[in-house]
Amino acid sequence: MKKTLTPASGLLLLTLLFVWWWNSRLPKAVELTPTLTGQAEYCLTCHADVPEISPSHPTATFGCVTCHGGERLALDADLAHSTMRGGANPSDLSVVEQSCGGTSCHSGSEADDRHHIQRVMTSIQSTYAGAIANIRYTFGAQTDLNAYSGITTLTDEQTQTGIASLAAFKAAGDDHPFIQKFGENCLTCHINATPLEDENYTRHTGCAACHSTAQHTFATAIPYTQCNTCHNRGNYDLRTMTFVERTDQPTKRIDDYYQPIAQFTQCEYTLDCVDCHTRTEVMGNGDIHANKKDIQYTQCKTCHGTPTEQPLTKKLTDPNDIAFTLSFLNPVGDLKLGDMILITEKGEPLWNTRVLSDGTYELFGKATSQYFTFNPVMGSGCTQSGDDQSSAYCHECHAVER
Amino acid sequence: MRPSFFHHLHPPTIPAAQARWRHTLAAGGIAIFLMLILGVTGILEMFYYVPNPEEAALSVQAITYHVPFGGFIRNLHYWAAQLLLIVSAIHLLRVVFTAAYGQPRQFNYLLGLGLFVLAILLDFTGYILRWDMDICWPLTTGTNLLKTIPLIGDFLFRITVGGGEACSTALLRFYTWHIFGLTIIVFILGFWHAFRVRRDGGIAVPPPQLRVVSARISRNELVRREALAIFVVGIILILMASLLPAPIAPAMTGKPGITEEARAPWFFLWVQQMLKWGDPFIFGVLIPLGVLILLVLIPYIFPKPADSDIGRWFPKSNRFAQIVVGGIGLIVITLTLLSFVP
């Protein structure tokens, strides 16, 4: 027995050495205590190479868990990731309130302009109300073009200008087969939907559908390519009620538009979508709208005016003007107190424009920082009626042939 | 050489035939060793564990991932606890299968059975202390089973869990039961059990005139064998604790809810399987209690084993007790395996 004990104790010692060696192989935990939460988290142990998402969300302030959730102390990948919100995308609309919400963040009051989530949830980008109403009307499921259904059930009893409620769209068994096919094939564009599997459709859902333009990046400088992941990837074939992906790979910007018969003026294929279209148009205003035309209002005249009227302008005299906030978030140009900028008919600042001393205008591309100058219509010799200002009228003279 | 205190805890000599590994299976000694491991690792965990619903699961994560060797200590505690249940069951089976429970050891058999039940309760309370998502179902179901007991159910629920819902009070109650209430009873019964082994004449053997082998081994040899068992079990435990992490799940947010996979800890899977069949009081309380009562009555209702059969494997004279206990074991194992069938 004595002879057995010696090797046994040696073996025990060896096992202990093994444990020590095994433990020394584990990666050294990297701690981060964000100032916002004051709670240590260890995500950086494995994710040190992830870039900071945006200057507005510094890692040292927000950390990772504030947005992503997850088990902040766990060093085991499965456990650490098990309670993450929305998988890799905490801005998915199913979890956006927990991830991005809060009165000081993105679900605050309208007065503070912090009701982003409320706006996005009710916007046509997420309700898809117009498309659904059109299809249901076309195939006899409803007798008018009013919006009754959206992607999810929504109510807004306080609404002044919008719709009070939308029911969740669900193609019923007695619906026209095309409505059912629409339900199966055509609901991949609204921002709660997972996009089609193709690198050209690559986008996230929720806020990140538009704002995440590269890996772990959040920006308000949104290039047209981001919009194209939904708006330029093909078309719906109403004869088969299927989505037909475009097969070409255009290399010239002017060819990148999918509507083969559409006409475009230079600014439409030179600028980015966000250079003209405002936050309210894209993200909604907090009311439920029936379709695109109820919320989209920017026209050529918004910047150029008409033969009889100059575009609306505003002199920036308040340092707290929202224009400065927007300019701060996407610093192109050099907006200063006292500058005269263009504004829309609803008073939204076109903060990347400026009225020059000679009566012309300048514009900085929000996504490209490119510098442009442009003229007012008034005094140009244009005779187009001030009442007929939709783009089709302007295209008559100013479209570029392709 | 005068015996040391440690040697002195052992009888001067014991019968060689009954001291063999294949007779004792070293189960009783290993159980004591595992309890010592549990005590030491448990105390170390207490330095970091926070028995408060908001912080409990996080403190378990902190122990597991950030305290130096914390994960190893926690894994040791976990695996020692699981092995203790297995070793205790083996010890019980050995005692029945070698007819070692008869007069004068009936009372010590009861003490041992009490320790086995306490080990199960300690394992369950320890499991609940994780306070993570995986403990929701066992906590809710286990404590609600108490309520199904007529007349005293609510009272039992209140003293074990606390008033109202199984939430904040439950954690503190389970903590206190785990580290103090149950542990102190285990200490008392454990010492009593060991004392009674000596008082009842040491390991069960036939009377001197009926012994086939009269050889005995010294306490020095016995201690050496114990040391070897400790080394072997120690190595196994250390390897398990290094390579097999103890279960852990995301922290609970809010009150316990039954949203995660509803699975009891492995030693209660047989009860969970029966709960699928109907009335929770019958299948969750009466039948397990019936099994325990049957085990308690073994030394009293079955024929006394023949003197010459004491300390022999599978003797004829207590065949009936062997069949009953073996049958219970097989049924428990079968029910446990059945619980994995979807």
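None of these values were measured; they are calculated from a predicted model.

J.: So what's going on with the overall build of chain B? Residues and values would help.
T.: When you go through chain B residue by residue, the secondary structure sums to 13 helices and 2 strands. The C-alpha atoms of chain B give a radius of gyration of 21 Å, which matches the 20 Å a tight globule of 342 residues would have. Along the first, second and third principal axes, the C-alpha atoms of chain B reach 65 × 45 × 35 Å. Counting over 342 residues, chain B shows a buried share of 37%. Expressed as a percentage of contacts within chain B between residues at least 6 apart in sequence, the contacts between residues at least 24 apart total 78%.

J.: An account of the overall build of chain A is needed here, citing residue identities and associated values.
T.: For chain A, the count of helices and strands is 18 helices and 11 strands. With the principal axes as the frame, chain A shows a C-alpha extent of 110 × 60 × 45 Å. When the 402 residues of chain A are sorted by exposure, 31% land in the buried category. Taking the contacts inside chain A whose residues are at least 6 apart along the sequence as the reference set, 54% of them involve residues at least 24 apart.

J.: So, the interface of chain A and chain B: which residues are in play, and what are the values?
T.: With 22 residues of chain A at the contact, the number on the chain B side is 22 residues. Of all the elements in the fold, those that place two or more residues in the side of chain A that touches chain B are α1 (2-24) and α5 (77-82) of chain A. Of all the elements, α1 of chain A adds the most residues to the side of chain A that touches chain B, at 13 residues.

J.: Just give me the short version of the packing of helix α4 (residues 56-65) of chain B against helix α5 (residues 70-97) of chain B, but keep the residues and values in it.
T.: Helix packing geometry: the angle between the two helix axes and the distance between the axes. Residue and element names in this part refer to chain B. Across the interface, α4 lies against α5 with an axial gap of 5 Å and an inter-helix angle of 110°. Classified by the angle between their axes, α4 and α5 sit roughly perpendicular to one another. Of the residues in α5, those in contact with I63, T64 and Y65 of α4 are G70, G71 and R74. Here the residues of the contact of α4 with α5 sort into 2 nonpolar, 3 polar and 1 charged.

J.: Please set out the sheet that holds strand β7 (residues 340-343) of chain A residue by residue, giving values where relevant.
T.: Residue and element names in this part refer to chain A. Judged by pairing direction, the sheet is antiparallel, and its 3 strands sit side by side in the order β6-β7-β8 without closing on themselves. Two strands lie at the open edges of the sheet, namely β6 (313-315) and β8 (349-350), each paired on one side alone. In this sheet, β7 lies alongside β6 in antiparallel orientation, the contact comprising 3 bridges. Looking across to β7, one finds that K314 is bridged to I341.

J.: So what's going on with the domain arrangement of chain A? Residues and values would help.
T.: Interfaces are often described in size by the accessible area the parts lose on coming together. Residue and element names in this part refer to chain A. The domain architecture assigned to chain A consists of domain 1 (116-279) and domain 2 (297-398). Between the C-alpha centres of domain 1 and domain 2 the distance comes to 27 Å. Counting from both sides, the interface comprises 14 residues of domain 1 and, opposite them, 14 residues of domain 2. Element by element, the count of residues in the side of domain 1 that touches domain 2 is highest for helix α14 (residues 273-276), at 3 residues. Partitioned by chemical class, the residues of the side of domain 1 that touches domain 2 number 6 nonpolar, 5 polar and 3 charged.

J.: Quick one: what's the story with the nonpolar core, residue by residue and with numbers?
T.: Looking at soluble globular proteins, one finds that nonpolar side chains tend to be buried together. By size, the foremost hydrophobic cluster in this structure holds 78 residues, and its most contacted members are L34, L76, A80 and L84 of chain B. Counting 19 residues, the second largest nonpolar core, distinct from the first, contains A147, L154, F182 and C186 of chain A.

J.: Which residues make up the pairing of strand β5 (residues 242-245) of chain A, and what are the values?
T.: All names here are of chain A. Across 4 bridges, strand β4 (residues 234-237) lies against β5 in antiparallel orientation. Bridged to N235 within β5 is V244. Hairpin connection from β4 to β5: 4 residues lie between these consecutive antiparallel strands, with M241 at a positive phi of about 50°.

J.: I'd like a description of the pairing of strand β3 (residues 165-168) of chain A, backed by residues and values.
T.: Bridge count between strand β1 (residues 149-150) of chain A and β3 of chain A: 2 bridges; the pairing is parallel. Counterpart to G150 of chain A in the pairing with β3 of chain A is A168 of chain A.

J.: Give a detailed account of unusual backbone geometry, specifying residues and quantitative values.
T.: The amide bond that connects Q103 of chain B to the next residue, P104 of chain B, takes the cis arrangement and shows omega of 5°. Within the secondary structure layout, P104 of chain B lies in the loop between α5 and α6 (106-129). The backbone phi angle of S369 of chain A is positive, close to 65°, even though this residue is not glycine. Considering the arrangement of structural elements, one finds S369 of chain A in the loop between β10 (361-364) and β11 (371-374).

J.: Go over the packing of helix α3 (residues 27-46) of chain B against helix α10 (residues 219-243) of chain B with me, naming the residues and quoting the values.
T.: Residues and elements named next belong to chain B. For the pair α3 and α10, the least separation of the axes is 10 Å and the interaxial angle reads 55°. Overall, the two elements α3 and α10 adopt an arrangement that is oblique. The element α3 and its partner α10 pack so that their crossing is right-handed. Residues G29, I30, F33 and I37 of α3 pack against E226, A229, I230, V233 and L237 of α10. Taken together, the residues that form the contact of α3 with α10 break down as 7 nonpolar, 1 polar and 1 charged.

J.: Talk me through the sheet that holds β10 of chain A; I want residue IDs and the actual numbers.
T.: Hydrogen bonding along the main chain pairs the strands of a sheet, whether they run parallel or antiparallel. Residues and elements named next belong to chain A. An order of β9-β10-β11 is seen for the 3 strands of this open sheet, with the pairing classed as antiparallel. Unpaired on one side and paired on the other, β9 (353-355) and β11 mark the two borders of the sheet. Taken over all neighbouring pairs, the strand axes of this sheet differ in orientation by 20° on average, direction set aside. Note that β10 and β11 share 4 bridges and pair antiparallel. The residue of β11 that forms the bridge with E362 is T373.

J.: Tell me about the environment of L38 of chain B, and name the residues and values.
T.: Residue and element names in this part refer to chain B. Within the secondary structure, L38 sits in helix α3. Taking the number of C-beta atoms within 10 Å as the measure of exposure, L38 has 23 and is therefore buried. Contact partners of L38, with chain neighbours within four places excluded, come to H77, A80, A81 and L84.

J.: Explain the environment of Q263 of chain A to me, and be specific about the residues and the numbers.
T.: Residue and element names in this part refer to chain A. Following the sequence through the fold, Q263 ends up in the loop between β5 and α13 (266-270). Separated by 255 residues in sequence, Q263 and A8 have C-alpha atoms that sit 87 Å apart. Residue contacts for Q263: discarding those within four places in its chain leaves H395 and A399.

J.: How would you explain the environment of R114 of chain A if you had to name every residue and give the values?
T.: Residues and elements named next belong to chain A. Within the element layout of this structure, R114 appears in the loop between α6 (96-100) and α7 (116-122). The class for R114 is partly exposed, based on 17 C-beta atoms found within 10 Å. R114 sits 114 residues away from N228 along the chain, and the two C-alpha atoms are 27 Å apart. Dropping the residues within four chain positions of it, R114 is found in contact with T103, H106, G108 and S109.

Criteria and thresholds
As a convention, each chain's residues are numbered from 1 in the sequence order in which they are written. A letter from A marks each chain and a number from 1 marks each ligand, given out in the order of writing. In view of the model being predicted, local features appear only for residues whose pLDDT reaches at least 70, and side-chain atom pairs are presented and counted only at 80 or more, with totals across whole chains, interfaces and linings using the full set of residues. The numbering of helices and of strands both runs from the N terminus, where a helix is a DSSP run of H or I of at least 4 residues and a strand a run of E of at least 2. What the globule rule says is 2.2 Å times the number of residues to the power 0.38, and the radius of gyration is computed from C-alpha atoms. For the exposure call, what matters is how many other C-beta atoms sit within 10 Å of a residue's own: 20 or more marks it buried, 12 or fewer exposed, and in between partly exposed, using C-beta atoms placed from the backbone. With C-beta atoms placed from the backbone, a contact is any residue pair whose C-beta atoms sit within 7 Å. Helix axes are fitted to C-alpha atoms over the stretch in contact, other axes to C-alpha atoms as well, and angles between N-to-C directions run from 0 to 180 degrees. Roughly parallel refers to an angle under 35 degrees, roughly antiparallel to one over 145, roughly perpendicular to one between 65 and 115, and oblique to any angle outside these ranges. Lys, Arg, Asp and Glu make up the charged group, whereas Ala, Val, Leu, Ile, Met, Phe, Trp, Tyr, Cys and Pro make up the nonpolar group; the residues left over, Gly among them, are polar. Any two strands with at least two DSSP bridges between them are considered paired. For each domain, the first and last residues come from an automatic or database assignment. Here, a nonpolar core denotes buried Ala, Val, Leu, Ile, Met, Phe, Trp, Tyr and Cys residues that are linked to one another through C-beta atoms within 7 Å. In this scheme, a crossing is called left-handed if the near helix is turned counterclockwise away from the far one by less than a right angle; it is called right-handed if the turn is clockwise.

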